Every structure is written in C-alpha cells, then in structure tokens.
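Given next are the chains, with one letter for each unit.
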Amino acid sequence: MTNPAARTLLPLLLCTVAGPALAQEPVAATSPPGGSSALTQVARFQHQVTGVTVAQDGRIFVNFPRWTEDSPVSVAELKDGKPVPYPDGEWNSWRNARKDAVDPKTHFVCVQSVVADKQGRLWVVDAAAPAMAAVVKDGPKLVAIDLKTNAVAKTIAFDPSVAPQGSYLNDVRIAPDGKTAYLTDSGAEGALVVVDIESGKAKRLLAGVAATMPDPAVTVTYDGKPLRRPDGRGVEFSADGIALSPDGKTLYWQAIKGKTLYSLPTDTLTGWLTAPMMPEALADKTLAGKIVTVGENGPADGLLIDRDGSRLYVTSPQDDSIKVRDLAAKQAGLTTLVQDPRLRWPDTFSQGPDGTLYVTTSHIQDSAFYKEGAPIALPTELWSFKPAAAPR
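1. Re the overall build of the protein chain
So, step 1. Looking only at helices and strands, the protein chain features two helices and 26 strands.
So, step 2. A buried classification covers 56% of the 392 residues belonging to the protein chain.
So, step 3. Put simply, 57% of the contacts in the protein chain that link residues at least 6 apart link residues at least 24 apart.
So, step 4. Here the protein chain displays about 15,600 Å² of accessible surface, and carbon together with sulfur accounts for 53% of that area.

2. Quick look at the packing of aromatic side chains
Remark: the centre distance and the inter-plane angle together describe each pair of aromatic rings, the angle taken between the planes.
So, step 1. Here the structure, examined in full by the defined rule, presents seven aromatic pairs.
So, step 2. Between Phe237 and Trp345, the aromatic rings sit 6.3 Å apart at their centres with planes inclined by 85 degrees, giving edge-to-face as the arrangement. Taken together, the positions of Phe237 in the loop between β15 (225–226) and β16 (239–244) and Trp345 in the loop between β23 (334–339) and β24 (346–351) put the pair 108 residues apart, joining distant regions of the chain. No difference in accessibility class separates Phe237 from Trp345, as the two residues are buried.
So, step 3. Looking at Arg229, its charged tip hangs above the ring of Tyr370, at a distance of 5.4 Å from the centre.

3. Things to note about the side chain of Thr356
So, step 1. Relative to the assigned elements, Thr356 resides in the loop between β24 and β25 (357–361).
So, step 2. A polar contact is formed between the side chain of Thr356 and the side chain of Asp354, at a distance of 3.0 Å.
So, step 3. When near neighbours in sequence (up to four residues on either side) are disregarded, Thr356 contacts Ser350, Gln351, Ser384, Phe385 and Lys386.

4. Quick word on the environment of Leu337
So, step 1. On the secondary structure map, Leu337 appears in strand β23.
So, step 2. Considered as a pair, Leu337 and Ser321 are 16 residues apart in the sequence and their alpha carbons are 7.5 Å apart.
So, step 3. Apart from the residues within four sequence positions on either side, Leu337 is in contact with Tyr313, Ile322, Lys323, Val324 and Phe385.

5. A few points about the pattern of salt bridges
So, step 1. Considering all chains together, one arrives at 17 salt bridges under this definition.
So, step 2. With a shortest N-O distance of 2.7 Å, Arg204 and Asp185 are connected by a salt bridge. Within this pair, whereas Arg204 is found in strand β13 (residues 201–205), its partner Asp185 is found in strand β11 (residues 180–185), the two being separated by 19 residues in sequence. Exposure class is identical for Arg204 and Asp185. Each is buried.
So, step 3. Between Arg344 and Asp366 there is a salt bridge whose closest N-O contact spans 2.7 Å. Of this pair, Arg344 sits in the loop between β23 and β24 while Asp366 sits in the loop between β25 and β26 (380–385), placing them 22 residues apart in sequence.
So, step 4. On the basis of relative accessibility, which here comes to 10%, the residue Asp366 falls in the buried class.
So, step 5. When salt bridges that share partners are traced, they join Asp57, Arg59 and Glu77 into one network.

6. Re unusual backbone geometry
Apart from glycine, the bulk of residues carry a negative phi angle, and the bulk of peptide bonds sit in the trans form.
So, step 1. Here the residue pair Tyr86 and Pro87 is connected by a cis peptide bond, since its omega of 0 degrees sits within 30 degrees of zero.
So, step 2. The phi dihedral of Asn150 falls on the positive side, at around 55 degrees, and the residue is not glycine.
So, step 3. Examined against the element boundaries, Asn150 turns out to sit in the loop between β8 (141–146) and β9 (151–157).
So, step 4. The residue Asp223 is not glycine, and still its phi comes out positive at about 55 degrees.
So, step 5. Positionally, Asp223 belongs in the loop between β14 (221–222) and β15.

7. Focus: the environment of Asp196
So, step 1. Take Asp196: it is sitting in strand β12 (residues 191–196).
So, step 2. When the C-alpha atoms of Asp196 and Ala181 are compared, they prove to be 6.7 Å apart, with 15 residues separating the residues in sequence.

8. What about the sheet that holds strand β20 (residues 303–305)?
The strands that make up a sheet are held in pairs by hydrogen bonds between backbone atoms, and each pair lies either parallel or antiparallel.
So, step 1. What the four strands build is an open sheet, ordered β20-β21-β22-β23; its pairing is antiparallel. Each edge of the open sheet is held by one strand with a lone partner, namely β20 and β23. Strand-to-strand twist in this sheet, taken as the mean axis angle between neighbours without regard to direction, amounts to 25 degrees.
So, step 2. Pairing of β20 with strand β21 (residues 311–316) involves three bridges; the strand directions are antiparallel. Residue Ile305 lies in a different strand from β21, and its bridge partner there is Leu312.

What counts, and where the lines are drawn
Residues numbered from 1 in each chain as written. Predicted model: local features only at pLDDT ≥ 70, side-chain atom pairs only at ≥ 80, totals over all residues. Heavy atoms only, no water. Helix = DSSP H or I, 4+ residues; strand = E, 2+ residues; numbered from the N terminus. Buried < 20%, exposed > 50% of the residue type's maximum accessible area, 1.4 Å probe, protein only. Contact = heavy atoms within 4.5 Å. Areas by Shrake-Rupley, 256 points an atom, 1.4 Å probe, with all protein chains shown as cover. Phe/Tyr/Trp six-rings, centres within 6.5 Å; stacked < 30°, edge-to-face > 60°. Lys NZ or Arg CZ within 6 Å of the ring centre and 35° of its normal. Polar contact = N/O pair within 3.5 Å; in protein donor to acceptor, adjacent residues only side chain to side chain. Salt bridge = Lys/Arg side-chain N within 4 Å of Asp/Glu carboxyl O. Pairing = 2+ DSSP bridges. Axes fitted to C-alpha atoms, helices over the stretch in contact; angles between N-to-C directions.

As structure tokens, then:
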C-alpha cells in the first residue's frame, strides 16, 4: 500500500510496548463463508500489516508500517504462526519517541514491503515516513538480509534525489539475476526507482508523469460509496502495485487511484547505467513515449505474475476480491478468482514454493485515515489459497 498525494499530518502516536516485544498474537483460522472455501487464514495480527513474502525454503516474512500507530515491530518472520522480529530486535527498535537517539541508517523506520529473491536474500523497503508524513532524514533505504546467516548483508541508502520529501517508497521487485531492483513511489509525486544493486546507484524515473500519478477521473469506492477521509478527501495513491515477468524483461505497475496497468521493457529502465548523461526531463520524456498500456484493472493494489509468466494476479480492494489477467491474451480482461468479505483491502501477494498464493489484508478503509473513531492498532490478517492451474 501507499502514501496519499495530499495527506493529513496525523500525530505520531506513541506505542506503549517497550523494547522489541511483539503485541501481535495469532488466532485460530475461521471457517470461510459459503462459496469462499479457497481462503485459509494463516495468521491474524493486532497491527496493520502490508507486505508478505515467502522465501524459496518456505519461510514467511511480513512487515508492519508505522502508520496510525508506532508499531512495535517493522519486519517479522512467522514462526509457528507467531511474528518474531527479524533479523533481530535491534533493527526493529526505532521508535517515534526515540527519533533523535536511534540511527535511521541502521534501523527500520517505516517499512512498507518485504520481498525474498532467488539469491537467498530478503529485501526490505523502508519508506521512512511514519504516519505517511515527513520523510525521516537518512531513513529511506533498501536493505538486504542474508537468509542463511540472518544478518544484514547490504544497505542501499536513498538520498533526496531518489526519495524526496513527499515520497513514499512502496513495493519492490528484484531481477532474476539479482542485479537490479525496481521500486514504486506512491507518494505525492509518483515515480519508479531503479537500483543497480552491486554499485548501490539508484535513479528516480518517470516522476510525475500520468502513468505513475493518480488518475483524476477515478474515484476509489467501498461498499458502493466513495472512500473518503473525514475531511472529505478521497484516496490519492500514486504508482503502487508492481510486477516483474519471470524472465526479468518486462516491468508492470499501476496506481491504486487508477484503472490502467502499464508496462515497460526493463532494458529501457536500466539504460542510464551505461548511456551518456542526458537531462532528466528529456530522459523521462523519451522513456514515457515507450510506456505500453496493457489494459484496465480498475483500482488495484498488489500485483504478482505467476512463476510461469502466464497470469497476472491483481488485488481489488473495492470489492474484496482477487482477480487474474491472462497476459498471453492481449484483449483479455480480468477474471475473479476469490471474492470474500474477509478480504478487507487485499494488499500484497507472494507465492510459495508449492504455488500457494499468500495475500495480506491491510484494512485501509477501516483505519483512522478513513474512519473516525478507528482503533490506533488495527487488527489485520494473512490469507492463503491455491489457484487452479492455468488452462492450456
């Protein structure tokens, strides 16, 4: 999920939990309503979850952004259904009240997503903007954790040219060879960020162009009504969901306040590493001319391409559903796989080694951003389901 373009500066509510102890506790899975037997509740949390990823060895990781509360843990591994701070309590010890005493370079400030790659690393996107407000100086970063040693292996810091004030780094995909990272910025000025992992060099691309910005013609609704903040503003999330083809050659993305799915060949996004210097405005104009309009998804959050590359899974927050697009059929629309009232704002996907899909429900429409009197700590869930094989 994301940061709105115009946002209320919510107070940075301080958590009363001391140290790295977790307040999340799992609950027993509930019986699904009729017609929704595909869903299994994997875990329930007492705090607002966004990201999930399943490593190649089956380990599950989740993250909790510091939005309407000072979440006691940012990144966790699920062990026996319980979230445990990862890689350790120290990396998770940043608190709003200790902002001036804890180094944001070596601690998680406001984590938005986690993704495991094929090289045995867990990548953590730290937007470093608690309460979706000001970006903490020296906080935005991409952190790689070695899943064998459970230790931080690399930290790529983003300066204001990559993550300026008003930004909110959202989601990430790693190239199959592990050499390049692609991120979305869903903040006030939508953008894509491309990172050369070996050198740590990063570049902000397509900033403020129509394909990365909210669509002014789209209104995000829930229960048939426009979803609005108490002051009347609607949802204004820029480029958010992101997906990468298994061969690493095509990147897909879209804004939540949008309906259109876009794509670009990845070689057009990485050319800046070797090409001669070009004025940024000209480079973005050239790049924007190569954007492909794939089709219309309607407002959507999470995107994931099946490992065989045939299908794109899409979370649809407006109608509590998960949909799928056949990428081989260019004129094909979306088909609903699962629709269930328990999928309150399906957020982020991951796929396990056996093909099982995992999806978080972040309940954004139930949060204090959009609902007066909402609890500071918002209970959320992690679900799984096994999609049927793609027709041949």
